[in-house]
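This is what each chain is made of:
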Amino acid sequence: MVRFNKDKGKAGVYNIDVKDEAETLPPKEPILPPQPSNNELEKFSALVLKVLGDENVPPTPTNFQIYFDKLLESKPSPFKKRINEFLELEVSNNDENHARIEREVKDGFAQIKNIMQVVSTVYKNLNIMQEIVKKRSAELKINPNQLAVQNIISSLSEDLQKMFELTTKQIELLKEYYQKATSILQEVENQSIFDAKFGVYNRRYLLKSLEDEVKLIKNYAHPTSLVLAKVKESALEKIINKKDKDTVTRNVAKLLLKTSRRSDVVAHFGEGIFAMVLKHTDLTSAKKACDRISDLVYATSFFVGNTEIETDIELAIIPLDTMHSVEEFLALTLEALPQTGKKTVPYIVCAAPEPEVEE
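Residues numbered from 1 in each chain as written. Predicted model: local features only at pLDDT ≥ 70, side-chain atom pairs only at ≥ 80, totals over all residues. Heavy atoms only, no water.

1. Looking at the nonpolar core
Phase 1: Judged by nonpolar contacts, the single largest core of 30 residues is most densely connected at Val227, Leu256, Met276, Ile293, Ile313 and Leu315.
Phase 2: At the level of secondary structure, the elements contributing two or more residues to this core comprise strand S4 (225-231), helix H8 (233-236), helix H9 (242-259), strand S6 (273-278), helix H10 (283-298), strand S7 (302-304) and strand S9 (313-319).
Phase 3: With residues up to four places along the chain from it excluded, the contact list for Ile293 reads Leu256, Thr259, Met276, Ile313 and Leu315.
Phase 4: By size, the runner-up hydrophobic cluster in this structure holds 25 residues, among which are Ile273, Ala275, Ile318 and Leu320. (Core = buried A, V, L, I, M, F, W, Y, C linked by side-chain atoms within 4.5 Å. Buried < 20%, exposed > 50% of the residue type's maximum accessible area, 1.4 Å probe, protein only. Helix = DSSP H or I, 4+ residues; strand = E, 2+ residues; numbered from the N terminus. Contact = heavy atoms within 4.5 Å.)

In structure tokens form, the structure reads like this:
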């Protein structure tokens, strides 16, 4: 079983980038915590709009949210806490709601599927009973000296024949309903954006987000960075149980979420590899993000039973541009991942090759 070391986690996780803001309180009159101020939020929002204008970034709702989160990171902890009190009252973005609804729908379909499987088993058992009755009926008909028994068997056979016809229709209906439910479930799966196993977005959503972001970069020329992260295989090899391996990987995914902004996209690319789309983030800021991820992972202890697992993480960064495809960005970072780790370099910055100029 994998468990999170809360004591070490508090030191390395929850207090990252948090400065002590302790003040000496008067001995008699208690000071209430500062209340959120509309004026304070308005001034900060005005600052966000000013920065958008200074950097020639269109003040769309998405860009405003990205820069809002980006500028908020540089503010003192008490200020961030007061602003976050406002944000907690806001409705979650549509993608988060979509992901939550999908989880609920999948749970509902899972229950329906379980019920239908039970009903299918019941009908299988009923078919077995029918075959037994038919067999016993045939054995009784062999005895010509029991006329009364034969008459009963004859009546029973007629009744059973009617029941066979009814149950055959019911089984066909059950098969039809089951196929429809399976088809609906598959359709939901095909349109899903959430990876329920690791609690982040899935590969489909990641690829779409990257394609959309490249289009935005083409129009507005803002910087965006892609980061890939993976728990090093040498660390996972020390864990025998696959479930425990998945739990360690899932906890690392939670740490990636902890270090990300709300506007960032954290997704499972596949095979335990996670991707972070850091919108409006240049290489300098992306490097800082990777430093935070490394510090957070190495400051967190993971235990399998009573044995502590030394976690090692691979990280690769690449800036997005409009001259290369999403597949090229992913291929370059995937190739660089194994070259990073605790004993080599914490991360590698990848560069896409310059496109060839036709003469």
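2. Quick word on unusual backbone geometry
Phase 1: One non-glycine residue with positive phi stands out, namely Asn56, at about 55 degrees.
Phase 2: When you line up the elements, Asn56 lands in the loop between helix H2 (38-54) and helix H3 (61-72).

3. So, the packing of helix H7 (residues 203-220) against helix H11 (residues 326-336)
Phase 1: Running from N to C, H7 and H11 point in directions that differ by 115 degrees, and their axes come no closer than 10 Å. In contact with Leu207, Leu210, Glu211 and Val214 of H7, H11 contributes Val326, Phe329 and Leu330.
Phase 2: Counted by class, the contact of H7 with H11 contains six nonpolar, no polar and one charged residues. (Axes fitted to C-alpha atoms, helices over the stretch in contact; angles between N-to-C directions. Nonpolar A, V, L, I, M, F, W, Y, C, P; charged D, E, K, R; others polar.)

4. Thoughts on the pairing of S9
Phase 1: For S9, a buried count of six out of seven residues is recorded, marking the element as mostly surrounded by other parts of the structure.
Phase 2: The pairing of S4 with S9 spans seven bridges and is antiparallel. What sits directly across from Leu226, in S9, is Ile318.
Phase 3: Here S9 pairs with strand S10 (residues 348-349) via two bridges, running parallel. Bridged to Ile317 within S10 is Val349.
Phase 4: One crossover worth recording links S9 to the parallel S10 by way of H11, and it is left-handed. (Pairing = 2+ DSSP bridges. Right-handed = clockwise from strand over helix to strand, strands pointing away.)

5. Focus: the pairing of S4
Phase 1: The buried fraction of S4 amounts to seven of the seven residues, a majority that puts the element mostly inside the structure.
Phase 2: Burial along S4 is two-sided: the face carrying Ser225, Val227, Ala229 and Val231 and the face carrying Leu226, Leu228 and Lys230 are both buried.

6. Things to note about the pattern of salt bridges
Phase 1: Under the counting rule described, the total for this entry stands at nine salt bridges.
Phase 2: When the shortest N-O distance is used, the salt bridge between Lys242 and Asp246 registers 3.1 Å. A residue pair is termed a helical-turn pair when its members lie 3 or 4 positions apart in one helix, as Lys242 and Asp246 do in helix H9 at four residues.
Phase 3: Classification of Lys242 by relative accessible area gives exposed; the value is 55%.
Phase 4: By relative accessible area, which is 17% here, Asp246 ends up buried.
Phase 5: Residues joined in a network through salt bridges with shared partners are Lys197, Lys242 and Asp246. (Salt bridge = Lys/Arg side-chain N within 4 Å of Asp/Glu carboxyl O.)

7. As for H10
Every α-helical turn comprises 3.6 residues, leaving residues that sit three or four positions apart pointing alike.
Phase 1: With 16 residues, H10 should reach 22 Å at 1.5 Å per residue; the first-to-last C-alpha distance of 22 Å fits that figure.
Phase 2: Along H10, the positions that sit buried rather than exposed are Ala286, Ala289, Cys290, Ile293, Ser294, Leu296 and Val297. Taken down its axis, H10 places every buried residue within 165 degrees of arc, on the same side. Within H10, the exposed residues directed more than 90 degrees away from the buried face are Thr284, Lys288 and Asp295. (Expected span 1.5 Å × (residues − 1). Arc of directions from axis to C-beta.)

8. Thoughts on the packing of aromatic side chains
Phase 1: All told, the structure shown has five aromatic pairs when counted by the stated rule.
Phase 2: Pairing Phe44 with Phe68 gives two aromatic rings, centres 4.9 Å apart and planes at 85 degrees, and the pair type is edge-to-face. Residue Phe44 is located in helix H2, and its partner Phe68 is located in helix H3; the two are separated by 24 residues in the primary sequence. The residues Phe44 and Phe68 share a single accessibility class, namely buried.
Phase 3: Seen from their ring centres, Phe64 and Phe68 are 5.9 Å apart, and the 40 degrees between their planes marks the pair as tilted. With Phe64 and Phe68 both in helix H3, this residue pair falls four residues apart, about one helical turn.
Phase 4: With relative accessibility at 6%, the residue Phe68 sits in the buried group.
Phase 5: Each residue in the set Phe44, Phe64, Phe68 and Phe79 is aromatic and connected to the rest through ring pairs, giving one cluster. (Phe/Tyr/Trp six-rings, centres within 6.5 Å; stacked < 30°, edge-to-face > 60°.)

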